[in-house]
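# A closer look at the structure
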Amino acid sequence: MTNSIQSDEGSLQDDVSIRKSSRPKTARILPGFGLTLGFTLFYLSVLVLIPAIALANEVFSMHWQDFWNVVSASRVVAALKLSFGAALLAACINVVVGLLSAWVLTRYEFPGKKIVDAFIDLPFALPTSVAGISLTFILAGNGWIGRFFAPFGIELVFNRAGIVIALVFIGLPFVVRTVQPVLEELAPELEEAAACLGATRWEIFSRILLPLASHSVLTGFAMALARGIGEYGSIVFISSNIPLFSEIAPQVIVGKLNEFDTVGATAVAVVMLIFSLVLLLFVNALQVRRSRRSNRGKG
(Lines give C-alpha, C1' and ligand atoms only; values in the text may rest on other atoms or scores of the structure.)
Protein backbone atom coordinates (compact mmCIF):
# COMPACT_ATOMS: atom_id res chain seq x y z
CA MET A 1 0.00 0.00 0.00
CA THR A 2 2.77 2.37 0.91
CA ASN A 3 4.67 1.56 -2.27
CA SER A 4 1.59 2.30 -4.39
CA ILE A 5 1.10 5.68 -2.69
CA GLN A 6 4.75 6.57 -3.24
CA SER A 7 4.53 5.54 -6.88
CA ASP A 8 1.38 7.67 -7.33
CA GLU A 9 3.13 10.65 -5.74
CA GLY A 10 6.15 10.14 -8.01
CA SER A 11 3.95 9.97 -11.09
CA LEU A 12 2.15 13.15 -10.04
CA GLN A 13 5.46 15.01 -9.56
CA ASP A 14 6.65 13.81 -12.95
CA ASP A 15 3.41 14.97 -14.53
CA VAL A 16 3.71 18.42 -12.91
CA SER A 17 7.35 18.77 -14.01
CA ILE A 18 6.38 17.78 -17.57
CA ARG A 19 3.60 20.37 -17.62
CA LYS A 20 5.91 23.10 -16.29
CA SER A 21 8.52 22.30 -18.88
CA SER A 22 5.92 22.28 -21.67
CA ARG A 23 4.58 25.74 -20.74
CA PRO A 24 5.82 28.50 -23.05
CA LYS A 25 8.14 30.99 -21.43
CA THR A 26 6.56 34.36 -20.89
CA ALA A 27 8.13 37.18 -22.86
CA ARG A 28 9.63 40.11 -21.05
CA ILE A 29 7.58 43.26 -20.88
CA LEU A 30 10.48 45.33 -22.25
CA PRO A 31 12.51 43.34 -24.77
CA GLY A 32 16.14 44.34 -24.90
CA PHE A 33 16.05 45.97 -21.46
CA GLY A 34 19.76 45.43 -20.87
CA LEU A 35 20.72 47.05 -24.17
CA THR A 36 18.43 50.05 -23.69
CA LEU A 37 19.59 50.52 -20.10
CA GLY A 38 23.21 50.45 -21.20
CA PHE A 39 22.55 52.99 -23.95
CA THR A 40 20.68 55.24 -21.49
CA LEU A 41 23.53 55.15 -18.97
CA PHE A 42 26.06 55.83 -21.72
CA TYR A 43 23.99 58.74 -23.03
CA LEU A 44 23.60 60.16 -19.52
CA SER A 45 27.31 59.82 -18.81
CA VAL A 46 28.41 61.54 -22.02
CA LEU A 47 25.99 64.47 -21.77
CA VAL A 48 25.72 65.00 -18.01
CA LEU A 49 28.16 63.14 -15.80
CA ILE A 50 31.39 63.59 -17.76
CA PRO A 51 30.96 67.39 -18.21
CA ALA A 52 30.02 67.74 -14.54
CA ILE A 53 33.06 65.73 -13.47
CA ALA A 54 35.26 67.83 -15.74
CA LEU A 55 33.94 71.02 -14.13
CA ALA A 56 34.48 69.63 -10.65
CA ASN A 57 38.00 68.51 -11.55
CA GLU A 58 38.84 71.99 -12.82
CA VAL A 59 37.53 73.57 -9.62
CA PHE A 60 39.39 71.12 -7.38
CA SER A 61 42.61 72.25 -9.02
CA MET A 62 42.00 75.71 -7.55
CA HIS A 63 42.84 76.79 -4.05
CA TRP A 64 39.81 77.38 -1.87
CA GLN A 65 40.71 81.03 -1.36
CA ASP A 66 40.99 81.63 -5.10
CA PHE A 67 37.65 79.94 -5.68
CA TRP A 68 36.00 81.99 -2.96
CA ASN A 69 37.47 85.22 -4.30
CA VAL A 70 35.94 84.50 -7.70
CA VAL A 71 32.44 83.49 -6.61
CA SER A 72 32.15 86.10 -3.84
CA ALA A 73 33.00 89.04 -6.07
CA SER A 74 30.23 91.64 -6.07
CA ARG A 75 29.78 91.36 -9.84
CA VAL A 76 29.37 87.58 -9.71
CA VAL A 77 27.03 87.66 -6.71
CA ALA A 78 24.81 90.28 -8.36
CA ALA A 79 24.71 88.26 -11.60
CA LEU A 80 23.79 85.05 -9.76
CA LYS A 81 21.03 86.80 -7.82
CA LEU A 82 19.62 88.27 -11.01
CA SER A 83 19.78 84.98 -12.91
CA PHE A 84 18.03 82.91 -10.27
CA GLY A 85 15.66 85.67 -9.19
CA ALA A 86 14.52 86.49 -12.72
CA ALA A 87 14.18 82.80 -13.61
CA LEU A 88 12.13 82.14 -10.47
CA LEU A 89 9.85 85.13 -11.09
CA ALA A 90 9.39 84.20 -14.75
CA ALA A 91 8.60 80.58 -13.81
CA CYS A 92 5.95 81.72 -11.33
CA ILE A 93 4.38 83.96 -13.98
CA ASN A 94 4.50 81.11 -16.48
CA VAL A 95 2.68 78.81 -14.05
CA VAL A 96 -0.26 81.22 -13.83
CA VAL A 97 -0.35 82.21 -17.50
CA GLY A 98 0.43 78.70 -18.71
CA LEU A 99 -2.29 77.12 -16.58
CA LEU A 100 -4.87 79.63 -17.83
CA SER A 101 -3.72 79.16 -21.43
CA ALA A 102 -3.94 75.38 -21.16
CA TRP A 103 -7.38 75.71 -19.59
CA VAL A 104 -8.65 77.91 -22.43
CA LEU A 105 -7.22 75.60 -25.10
CA THR A 106 -8.81 72.50 -23.57
CA ARG A 107 -12.19 73.82 -22.42
CA TYR A 108 -13.24 76.43 -24.99
CA GLU A 109 -13.80 76.57 -28.73
CA PHE A 110 -13.14 79.85 -30.54
CA PRO A 111 -12.08 81.00 -34.01
CA GLY A 112 -8.35 80.62 -34.61
CA LYS A 113 -7.87 78.14 -31.79
CA LYS A 114 -5.53 75.96 -33.83
CA ILE A 115 -3.43 78.99 -34.77
CA VAL A 116 -3.11 80.03 -31.12
CA ASP A 117 -2.24 76.45 -30.18
CA ALA A 118 0.47 76.37 -32.85
CA PHE A 119 1.94 79.72 -31.73
CA ILE A 120 2.45 78.30 -28.23
CA ASP A 121 5.26 76.15 -29.67
CA LEU A 122 6.96 79.10 -31.40
CA PRO A 123 9.64 79.61 -28.71
CA PHE A 124 10.64 75.95 -29.16
CA ALA A 125 11.49 76.42 -32.83
CA LEU A 126 12.66 80.04 -32.71
CA PRO A 127 16.39 80.59 -32.11
CA THR A 128 16.99 82.45 -28.87
CA SER A 129 18.92 85.22 -30.61
CA VAL A 130 16.00 85.80 -32.99
CA ALA A 131 13.63 85.84 -30.03
CA GLY A 132 15.78 88.44 -28.27
CA ILE A 133 15.96 90.70 -31.31
CA SER A 134 12.23 90.38 -31.99
CA LEU A 135 11.28 91.18 -28.41
CA THR A 136 13.64 94.15 -28.40
CA PHE A 137 12.06 95.64 -31.52
CA ILE A 138 8.53 95.06 -30.21
CA LEU A 139 9.09 96.29 -26.65
CA ALA A 140 11.39 99.24 -27.38
CA GLY A 141 10.13 102.79 -26.86
CA ASN A 142 9.18 103.07 -30.54
CA GLY A 143 8.05 99.44 -30.89
CA TRP A 144 4.55 98.06 -31.40
CA ILE A 145 3.99 97.50 -27.67
CA GLY A 146 6.63 99.71 -26.07
CA ARG A 147 5.19 102.89 -27.58
CA PHE A 148 2.12 102.55 -25.36
CA PHE A 149 4.25 102.46 -22.19
CA ALA A 150 6.86 105.06 -23.16
CA PRO A 151 4.64 108.10 -22.42
CA PHE A 152 4.30 106.88 -18.83
CA GLY A 153 8.07 106.49 -18.41
CA ILE A 154 7.90 102.67 -18.40
CA GLU A 155 10.78 100.96 -20.19
CA LEU A 156 10.39 97.29 -21.05
CA VAL A 157 13.84 96.67 -22.54
CA PHE A 158 17.48 97.23 -21.58
CA ASN A 159 16.70 96.61 -17.92
CA ARG A 160 15.67 93.81 -15.57
CA ALA A 161 12.07 93.91 -16.75
CA GLY A 162 13.24 92.96 -20.23
CA ILE A 163 15.06 89.95 -18.81
CA VAL A 164 11.93 88.68 -17.06
CA ILE A 165 9.83 89.23 -20.20
CA ALA A 166 12.31 87.24 -22.30
CA LEU A 167 12.31 84.39 -19.79
CA VAL A 168 8.50 84.36 -19.69
CA PHE A 169 8.43 84.15 -23.48
CA ILE A 170 10.79 81.18 -23.75
CA GLY A 171 9.43 79.33 -20.69
CA LEU A 172 5.69 79.52 -21.31
CA PRO A 173 5.48 76.51 -23.69
CA PHE A 174 7.02 74.22 -21.06
CA VAL A 175 4.12 74.85 -18.69
CA VAL A 176 1.37 74.80 -21.31
CA ARG A 177 2.52 71.58 -22.98
CA THR A 178 2.94 69.88 -19.61
CA VAL A 179 -0.43 70.85 -18.14
CA GLN A 180 -2.55 70.67 -21.30
CA PRO A 181 -2.59 66.84 -21.68
CA VAL A 182 -3.61 66.43 -18.04
CA LEU A 183 -6.51 68.86 -18.38
CA GLU A 184 -7.64 67.11 -21.56
CA GLU A 185 -7.86 63.80 -19.69
CA LEU A 186 -9.98 65.26 -16.89
CA ALA A 187 -13.62 64.50 -17.58
CA PRO A 188 -15.89 67.56 -17.72
CA GLU A 189 -18.41 65.50 -15.77
CA LEU A 190 -16.36 66.15 -12.62
CA GLU A 191 -16.90 69.88 -12.97
CA GLU A 192 -20.58 69.43 -13.81
CA ALA A 193 -21.12 67.18 -10.79
CA ALA A 194 -19.40 69.68 -8.50
CA ALA A 195 -21.49 72.51 -9.95
CA CYS A 196 -24.67 70.50 -9.37
CA LEU A 197 -23.65 70.04 -5.74
CA GLY A 198 -23.40 73.81 -5.33
CA ALA A 199 -19.67 74.39 -5.78
CA THR A 200 -18.61 77.74 -7.15
CA ARG A 201 -16.22 78.15 -10.08
CA TRP A 202 -13.37 78.99 -7.74
CA GLU A 203 -14.09 75.96 -5.56
CA ILE A 204 -14.17 73.71 -8.63
CA PHE A 205 -10.83 75.10 -9.77
CA SER A 206 -9.07 75.13 -6.39
CA ARG A 207 -10.42 71.88 -4.90
CA ILE A 208 -10.84 69.63 -7.94
CA LEU A 209 -8.87 70.74 -10.97
CA LEU A 210 -5.78 72.21 -9.36
CA PRO A 211 -5.08 69.23 -7.04
CA LEU A 212 -5.44 66.82 -9.96
CA ALA A 213 -3.11 68.88 -12.16
CA SER A 214 -0.66 69.91 -9.42
CA HIS A 215 1.92 67.29 -10.39
CA SER A 216 2.06 68.50 -13.99
CA VAL A 217 2.09 72.13 -12.84
CA LEU A 218 5.16 71.48 -10.69
CA THR A 219 6.82 69.67 -13.59
CA GLY A 220 6.19 72.59 -15.92
CA PHE A 221 7.44 75.00 -13.27
CA ALA A 222 10.67 73.03 -12.87
CA MET A 223 11.24 72.89 -16.62
CA ALA A 224 10.59 76.62 -17.07
CA LEU A 225 12.85 77.42 -14.12
CA ALA A 226 15.70 75.28 -15.43
CA ARG A 227 15.31 76.79 -18.90
CA GLY A 228 15.37 80.32 -17.52
CA ILE A 229 18.46 79.83 -15.36
CA GLY A 230 20.62 78.84 -18.31
CA GLU A 231 19.16 81.25 -20.87
CA TYR A 232 21.69 83.47 -22.64
CA GLY A 233 20.87 84.19 -26.29
CA SER A 234 17.67 86.20 -25.92
CA ILE A 235 18.80 88.11 -22.83
CA VAL A 236 21.95 89.44 -24.51
CA PHE A 237 19.83 91.56 -26.86
CA ILE A 238 17.03 92.66 -24.55
CA SER A 239 19.14 93.62 -21.51
CA SER A 240 21.71 96.38 -21.27
CA ASN A 241 24.36 93.96 -19.88
CA ILE A 242 25.44 96.47 -17.23
CA PRO A 243 27.46 94.85 -14.41
CA LEU A 244 25.77 94.91 -11.01
CA PHE A 245 22.48 95.88 -12.67
CA SER A 246 21.35 93.84 -15.68
CA GLU A 247 24.15 91.32 -16.16
CA ILE A 248 23.24 87.65 -15.71
CA ALA A 249 25.54 84.82 -14.69
CA PRO A 250 25.92 83.29 -18.20
CA GLN A 251 27.13 86.69 -19.41
CA VAL A 252 29.74 86.71 -16.64
CA ILE A 253 30.91 83.27 -17.73
CA VAL A 254 31.18 84.34 -21.37
CA GLY A 255 33.03 87.49 -20.35
CA LYS A 256 35.58 85.50 -18.36
CA LEU A 257 36.06 83.12 -21.27
CA ASN A 258 36.69 86.07 -23.57
CA GLU A 259 39.35 87.18 -21.10
CA PHE A 260 40.83 83.63 -21.18
CA ASP A 261 39.97 83.21 -17.51
CA THR A 262 38.75 79.63 -17.84
CA VAL A 263 39.25 78.89 -14.16
CA GLY A 264 37.05 81.81 -13.10
CA ALA A 265 34.40 80.86 -15.65
CA THR A 266 34.43 77.29 -14.38
CA ALA A 267 34.02 78.45 -10.78
CA VAL A 268 30.92 80.49 -11.65
CA ALA A 269 29.56 77.60 -13.72
CA VAL A 270 29.96 75.18 -10.80
CA VAL A 271 28.08 77.53 -8.47
CA MET A 272 25.24 77.76 -11.00
CA LEU A 273 25.24 73.98 -11.34
CA ILE A 274 25.02 73.43 -7.59
CA PHE A 275 22.21 75.93 -7.09
CA SER A 276 20.31 74.53 -10.08
CA LEU A 277 20.56 70.97 -8.74
CA VAL A 278 19.37 72.07 -5.31
CA LEU A 279 16.34 73.87 -6.79
CA LEU A 280 15.43 70.94 -9.02
CA LEU A 281 15.81 68.46 -6.15
CA PHE A 282 13.54 70.64 -4.04
CA VAL A 283 10.89 70.72 -6.76
CA ASN A 284 11.17 66.95 -7.26
CA ALA A 285 10.79 66.43 -3.51
CA LEU A 286 7.58 68.48 -3.63
CA GLN A 287 6.33 66.32 -6.51
CA VAL A 288 7.07 63.10 -4.62
CA ARG A 289 5.37 64.42 -1.51
CA ARG A 290 2.35 65.47 -3.53
CA SER A 291 2.08 62.10 -5.27
CA ARG A 292 2.29 60.26 -1.94
CA ARG A 293 -0.53 62.38 -0.54
CA SER A 294 -2.67 61.69 -3.58
CA ASN A 295 -1.99 57.95 -3.31
CA ARG A 296 -2.97 57.98 0.36
CA GLY A 297 -6.15 59.84 -0.53
CA LYS A 298 -7.03 57.20 -3.13
CA GLY A 299 -6.31 54.44 -0.67
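Everything here concerns the structure above.
Everything numeric in this text was worked out from a predicted model, so none of it was measured.

Time to look at the environment of Ala86. On the secondary structure map, Ala86 appears in helix H4 (residues 74-107). Judged by its relative accessible area of 6%, Ala86 falls in the buried class. Remark: the alpha-carbon pair of Ala86 and Val164, spanning 78 residues in sequence, is separated by 5.5 Å. Ignoring anything within four residues of it in the chain, the contact list for Ala86 reads Lys81, Ile163, Val164 and Leu167.

Below, the discussion takes up the pattern of salt bridges. Under the counting rule described, the total for this entry stands at 6 salt bridges. Across the pair Arg177 and Asp117 runs a salt bridge, and its minimum N-O distance is 2.7 Å. Remark: Asp117 occurs in helix H5 (residues 113-120) and Arg177 occurs in helix H9 (residues 160-185); sequence separation between them is 60 residues. Judged by its relative accessible area of 24%, Arg177 is partly exposed. Note that Arg177 is salt-bridged to Asp121, the shortest N-O span being 2.7 Å. In this pair, Arg177 sits in helix H9 while Asp121 sits in the loop between H5 and helix H6 (122-125), placing the two residues 56 residues apart along the sequence. Judged by relative accessible area, which is 29%, Asp121 ranks as partly exposed.

The interhelical angle for the contact between H9 and helix H11 (residues 201-229), taken along N-to-C directions, is 160°, at an axis separation of 8 Å. In terms of orientation, H9 and H11 fall into the roughly antiparallel class. Here H9 and H11 pass one another in a crossing that is right-handed. Contact residues: H9 offers Leu167, Ile170, Gly171, Phe174, Val175, Thr178, Val179, Val182 and Leu183, while H11 offers Leu212, Ala213, Ser216, Val217, Thr219, Gly220, Phe221, Met223, Ala224, Arg227 and Gly228. The class makeup of the residues in the contact of H9 with H11 is 13 nonpolar, 6 polar and 1 charged.

Core analysis: the largest hydrophobic core is formed by 53 residues, its most contacted members being Phe67, Leu80, Ile163, Leu167 and Val179. Elements that contribute at least two residues to this core include exactly helix H3 (64-71), H4, H9, H11, helix H13 (249-258) and helix H14 (262-298). Broken down by element, this core gets its largest block of residues, 13 residues, from H4. Excluding anything up to four places from it in sequence, Leu80 contacts Ala249, Val271 and Met272.

Here we take up H3. Every α-helical turn comprises 3.6 residues, leaving residues that sit three or four positions apart pointing alike. Regarding H3, the residues found buried are Phe67, Val70 and Val71. When H3 is viewed along its axis, its buried side chains cluster within an angular range of 85° and face the same direction.

Let us now look at the packing of aromatic side chains. To describe a pair of aromatic rings, one takes the distance between the centres and the angle between the planes. Per the counting criterion, the structure on display carries 5 aromatic pairs. An angle of 25° between the planes, with centres 6.2 Å apart, marks the rings of Trp64 and Trp68 as stacked. With a gap of 4 residues between them, Trp64 and Trp68 both fall in helix H3, about one helical turn apart. By way of ring pairs, the aromatic residues Trp64, Phe67 and Trp68 are connected into one cluster.

This part is about the side chain of Gln251. Position of Gln251 relative to the elements: it lies in helix H13. Overall, Gln251 belongs to the buried group, its relative accessible area being 8%. Those residues in contact with Gln251 that sit more than four places away from it in its chain are Tyr232, Ile235, Val236, Ser239, Asn241 and Ser246.

Calculation notes
Residues numbered from 1 in each chain as written. Predicted model: local features only at pLDDT ≥ 70, side-chain atom pairs only at ≥ 80, totals over all residues. Heavy atoms only, no water. Helix = DSSP H or I, 4+ residues; strand = E, 2+ residues; numbered from the N terminus. Buried < 20%, exposed > 50% of the residue type's maximum accessible area, 1.4 Å probe, protein only. Contact = heavy atoms within 4.5 Å. Salt bridge = Lys/Arg side-chain N within 4 Å of Asp/Glu carboxyl O. Axes fitted to C-alpha atoms, helices over the stretch in contact; angles between N-to-C directions. Parallel < 35°, antiparallel > 145°, perpendicular 65-115°, else oblique. Left-handed = near helix turned anticlockwise from the far one by under 90°. Nonpolar A, V, L, I, M, F, W, Y, C, P; charged D, E, K, R; others polar. Core = buried A, V, L, I, M, F, W, Y, C linked by side-chain atoms within 4.5 Å. Arc of directions from axis to C-beta. Phe/Tyr/Trp six-rings, centres within 6.5 Å; stacked < 30°, edge-to-face > 60°.

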